[in-house]
Amino acid sequence: QVHLVESGGGLVQAGGSLRLSCEASGRIGHIGTMAWYRQAPGKQRVLIADITMAGLTHYEVPVKGRFTISRDNAKNTAYLQMNSLRPEDTAVYYCNADIRETRTAFERNYWGQGTQVTVSS
């Protein structure tokens, strides 16, 4: 089966940086768009960035210019480089991906378990 696992979260001071990783594993045939979401305390889970298989990227306004999404298709891994972190970036960060398993003709959407990012002021 396919699994997504995030890593790299932690506690950082305002202005600092973190890099999150999301590795897909299992019987993977093809990974389409990969994305990062976050859910802050008391708020809905929201999309913050996504990247297509070909490397085209999209960012939501709150993170544009500060965060960079990337992927390494050979490693089935997506990354989120987070710079100039602010306290309002504090949230659980989730990886999401459209994945077609081997010997399967359709894509399914998968979520990781999430990783906590806490930015202190």
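Remember, predicted model here, so these are calculated numbers, not experimental data.

Quick notes on the rules
- Residues numbered from 1 in each chain as written.
- Predicted model: local features only at pLDDT ≥ 70, side-chain atom pairs only at ≥ 80, totals over all residues.
- Heavy atoms only, no water.
- Helix = DSSP H or I, 4+ residues; strand = E, 2+ residues; numbered from the N terminus.
- Buried < 20%, exposed > 50% of the residue type's maximum accessible area, 1.4 Å probe, protein only.
- Lys, Arg positive; Asp, Glu negative; His and termini not counted.
- Salt bridge = Lys/Arg side-chain N within 4 Å of Asp/Glu carboxyl O.
- Polar contact = N/O pair within 3.5 Å; in protein donor to acceptor, adjacent residues only side chain to side chain.
- Contact = heavy atoms within 4.5 Å.
- Pairing = 2+ DSSP bridges.

**Concerning the side chain of Arg-71**
Argument step 1. Tracing the backbone shows Arg-71 in strand E7 (residues 67–72).
Argument step 2. Although Arg-71 lies buried, it forms no salt bridge, and the closest oppositely charged side chain, Asp-72, sits 8.3 Å away as judged by the N-O distance.
Argument step 3. Reaching out from Arg-71, the side chain makes a polar contact with the backbone oxygen of Ile-31 at a distance of 3.2 Å.
Argument step 4. At a separation of 2.7 Å, a polar atom in the side chain of Arg-71 contacts the side chain of Asn-73.
Argument step 5. Beyond its immediate sequence surroundings of up to four residues, Arg-71 is in contact with Ile-31, Gly-32, Thr-33, Met-34, Ile-51, Thr-52, Met-53, Thr-77, Ala-78 and Tyr-79.

**Observations regarding the environment of Ala-91**
Argument step 1. Mapped onto the secondary structure, Ala-91 falls in strand E9 (residues 91–101).
Argument step 2. The exposure class assigned to Ala-91 is buried, which follows from its relative accessible area of 1%.
Argument step 3. For the pair Ala-91 and Glu-60, spaced 31 residues apart in sequence, the C-alpha to C-alpha distance is 15 Å.
Argument step 4. When sequence neighbours within four positions are dropped, the list of residues in contact with Ala-91 reads Arg-38, Gln-39, Ala-40, Thr-115, Gln-116 and Val-117.

**Concerning the pairing of strand E1 (residues 3–7)**
Argument step 1. On E1, burial follows the alternation: Leu-4 and Glu-6 on one face are buried, whereas His-3, Val-5 and Ser-7 on the facing-out side are not.
Argument step 2. The pairing of E1 with strand E3 (residues 18–25) spans five bridges and is antiparallel. Note that in E3 the partner of His-3 across the bridge is Ser-25.

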